[in-house]
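The primary structure of each chain is shown beneath.
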Amino acid sequence: VLGKPTCTVDTDSSDTDNPTIGNSSIAKLLQAKVSAILGAESSSVTENVLSKVTASPGTVMISPANTDDKLTGISKWYFRTAPNNTVEANALGSQIISDGHTKVGILVFNDPYGTNLRDATQKVVEKNGGTVTYGATGKGQEFPSTQTTFSSDVSAVLATKPDAIVIDAF
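If you're wondering where the values come from, they're calculated on a predicted model, not measured in any experiment.

A.B. asks: I'd love a proper account of the packing of aromatic side chains, names of residues and values included.
C.D. replies: This structure, assessed with the given rule, holds two aromatic pairs. For the ring pair Phe 109 and Phe 143, a centre distance of 6.1 Å and an interplane angle of 55° mean the geometry is tilted. Of the two residues, Phe 109 sits in the loop between strand 4 (103-108) and helix 4 (112-127) while Phe 143 sits in the loop between strand 5 (131-134) and helix 5 (151-159), which places them 34 residues apart along the sequence. Residue classification places Phe 109 among the buried residues on the basis of a relative accessible area of 6%. Residue classification places Phe 143 among the buried positions, given a relative accessible area of 7%. Relative to Phe 150, the ring of Phe 143 has its centre 5.0 Å away and its plane inclined at 75°; by these criteria the two rings are edge-to-face. A relative accessible area of 33% means that Phe 150 is categorised as partly exposed. Members of the aromatic cluster, each reached through a chain of ring pairs, are Phe 109, Phe 143 and Phe 150.

Right, dumping it as structure tokens:
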């Protein structure tokens, strides 16, 4: 690149449930004195490691998948190629309302990605006259990232009789 040899160092950023993996991977990359870090995929992993990256002058971090609004403008050394959750939520909430749905249930993953997208979608739905019947901000109805069965969550959201359901998860 620009007349200089390049190499790659592969590591695993892991996920919200395994923060030590992301931390050790960032340490390995910074010790190798990389110029740029591609990843992490998860906004919560990026939030966990970004201060370590920005403490290393000249190291850029670029994510193709981070969407959490809190990451917008967080550092001059951090970039993302995906739009933030507000953009997605505006499209999603507007589509739900334009399709004639006004009672929305939200099944939401309890991490920064899930709750941030839910909060932004809820604002759009409510601003346009709709209501969130399940999974609303502050109701404590989010599911943990380690959950593998969802029958009770599905039953709970259906019991609120929504005319649309948003599944906000990986």
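There's more to say after this.
A.B. asks: I'd like a description of the layout of surface pockets, backed by residues and values.
C.D. replies: Its volume calculated, the largest pocket comes out at about 550 Å³. What lines the largest pocket is a set of 24 residues, among which Val 9, Leu 29, Ala 36, Ile 37 and Leu 38 lie closest to the centre. Looking at the lining of the largest pocket, the elements with two or more residues in it are helix 1 (19-31), strand 1 (36-38) and helix 2 (43-54). Ranked by the residues each element gives to the lining of the largest pocket, the list is headed by helix 1, at four residues. Within the lining of the largest pocket, the residues separate by chemical class into 13 nonpolar, eight polar and three charged.

A.B. asks: Account for the pairing of strand 6 (residues 164-168), naming residues and giving values.
C.D. replies: Judged by which residues are buried, strand 6 turns out to be one-sided: Ala 164, Val 166 and Asp 168 face inward and are buried, whereas Ile 165 and Ile 167, on the alternate face, are not. Pairing of strand 4 with strand 6, which is carried by five bridges, proceeds in the parallel orientation. Paired with Gly 105 across the strands is Ile 165, a residue of strand 6.

A.B. asks: Which residues make up the packing of helix 3 (residues 85-98) against helix 4, and what are the values?
C.D. replies: Close contact between helix 3 and helix 4 brings their axes to 8 Å; oriented N to C, the two are set at 45°. Here helix 3 lies oblique to helix 4, going by the angle between them. In this structure, the crossing between helix 3 and helix 4 has a hand that is right-handed. In this structure, helix 3 contributes Asn 85, Thr 86, Glu 88, Ala 89, Asn 90, Leu 92, Gly 93, Ser 94 and Ile 97 to the contact, and helix 4 contributes Pro 112, Tyr 113, Asn 116, Leu 117, Ala 120, Thr 121, Val 124 and Val 125. Across the contact of helix 3 with helix 4, the residue classes tally to nine nonpolar, seven polar and one charged.

The rules behind the values
- Along each chain, residues carry numbers from 1 onward, in the same order as the chain's sequence is written.
- Predicted model: local features are reported for residues with pLDDT of at least 70 only, side-chain atom pairs are reported and counted for 80 or more only, and whole-chain, interface and lining totals are derived from all residues.
- Side-chain descriptors were evaluated using all non-hydrogen atoms of the structure, hydrogens and water having been removed beforehand.
- Stacked, tilted and edge-to-face are the three classes applied to pairs of Phe, Tyr and Trp rings, where Trp contributes its six-membered ring and a pair requires centres within 6.5 Å; stacked means planes under 30 degrees apart, edge-to-face means over 60, and tilted covers the rest.
- Only DSSP runs of H or I reaching four residues or more are called helices, and only runs of E reaching two or more are called strands; each is numbered from the N terminus.
- Residue exposure (1.4 Å probe, protein chains only): buried if accessible area is under 20% of the type maximum, exposed if over 50%, otherwise partly exposed.
- Grid points spaced at 1 Å over the protein atoms alone were grouped into cavities, where a 1.4 Å probe fits but cannot get out, and pockets, open sets with protein on both sides within 12 Å along at least five of seven lines, with lining residues defined by an atom within 4 Å of a point.
- Grid points are joined across faces, edges and corners, and a volume is the space filled by probe spheres set on the points.
- Residue polarity follows a fixed list, in which Ala, Val, Leu, Ile, Met, Phe, Trp, Tyr, Cys and Pro are nonpolar, Asp, Glu, Lys and Arg are charged, and the others, Gly among them, are polar.
- Paired strands, in this sense, are two strands between which DSSP finds at least two bridges.
- Lines fitted to C-alpha atoms define the axes here, with helix axes fitted over just the stretch in contact, and angles between the N-to-C directions of these axes take values from 0 to 180 degrees.
- An angle counts as roughly parallel when it lies under 35 degrees, as roughly antiparallel when it exceeds 145, as roughly perpendicular when it falls between 65 and 115, and as oblique in every other case.
- Left-handed describes a crossing whose near helix is turned anticlockwise from the far helix by less than a right angle; the clockwise case is right-handed.
- Here, two residues are considered to be in contact whenever any of their heavy atoms come within 4.5 Å of each other.

Purely spatial values, then, with no claim about function.
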